[in-house]
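Residue strings, one per chain:
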Amino acid sequence: MKKKKNHHRPSWDAYFLEMAGLVSRRSTCLRRKVGAVLVKDKKILATGYNGAPSGLRHCIDIGCLRQKLKIPSGERQELCKGLHAEQNVLVQAALYGVTTRDSTLYVTNQPCIICAKMLINAGIKEIVISEGYPDKMAMELLKEAKIRVRKITK
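Residues numbered from 1 in each chain as written. Predicted model: local features only at pLDDT ≥ 70, side-chain atom pairs only at ≥ 80, totals over all residues. Heavy atoms only, no water.

S.K.: I would appreciate a short explanation of the layout of surface pockets in the present structure.
M.R.: One water molecule sets the probe size; rolling that probe over the atoms shows where empty space is left. A volume near 390 Å³ is recorded for the largest pocket. Contributing to the lining of the largest pocket are 28 residues, with Cys29, Asn50, Arg66, Cys80 and His84 lying nearest its centre. Looking at the lining of the largest pocket, the elements that each hand over two or more residues are helix H2 (59-62), helix H3 (65-68) and helix H4 (85-95). Grouping the amino acids of the lining of the largest pocket by side-chain chemistry returns 15 nonpolar, eight polar and five charged. A volume near 290 Å³ is recorded for the second largest pocket. By residue class, the composition of the lining of the second largest pocket is six nonpolar, nine polar and no charged. (1 Å grid on protein atoms, 1.4 Å probe; cavity = no way out; pocket = protein on both sides within 12 Å on 5 of 7 lines; lining within 4 Å. Points joined across faces, edges and corners; volume = space filled by probe spheres on them. Helix = DSSP H or I, 4+ residues; strand = E, 2+ residues; numbered from the N terminus. Nonpolar A, V, L, I, M, F, W, Y, C, P; charged D, E, K, R; others polar.)

S.K.: Explain the side chain of Thr100 to me, please; I cannot follow it from the model alone.
M.R.: Relative to the helices and strands, Thr100 resides in the loop between H4 and strand S3 (104-109). In this structure the side chain of Thr100 is engaged in a polar contact, spanning 2.6 Å, whose partner is the backbone oxygen of Ala122. With sequence-adjacent residues up to four places away left out, Thr100 is seen in contact with Leu38, Leu90, Ala93, Ala122, Gly123 and Ile124. (Polar contact = N/O pair within 3.5 Å; in protein donor to acceptor, adjacent residues only side chain to side chain. Contact = heavy atoms within 4.5 Å.)

S.K.: When you look at the side chain of Asp13 in this model, what are you seeing that I'm missing?
M.R.: For Asp13, the position within the fold is in helix H1 (residues 12-24). There is a polar contact of 2.7 Å between the side chain of Asp13 and the side chain of Tyr106. Sequence-distant contacts of Asp13, that is, excluding residues within four places in its chain, are made with Tyr106, Val128, Arg150 and Ile152.

Written out as structure tokens, the structure is:
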């Protein structure tokens, strides 16, 4: 009889959050690296990370206006040149005709208010995060929209 090896297999949540962490490594943001993985039925639909729009110069090359002006995290987002990971994952899904309805978003950080509104309208049913973000209103909107948010720590 063959002896089985003791082998640790990550849960689905750990698997997809770890992938979001890998995606975040593509980020070109100087302040926070964020990655997102959109999943439905245990299948990856799209990925996204924060950074400048396609074809534009990245903050890692030209600097960050918000950093220069010493704007705290979570404030004056309109001054940021980049898209958030959540925005990019939705744009990628739209670009390739992939429906987002009833999917789960795995993201390294809690969404901001702008992303929360987009995720609500995209029909996301659940968001799994590994870290918070200083935006209470975003969490209130997600709760009101009945989108489940779970925080999983490593």
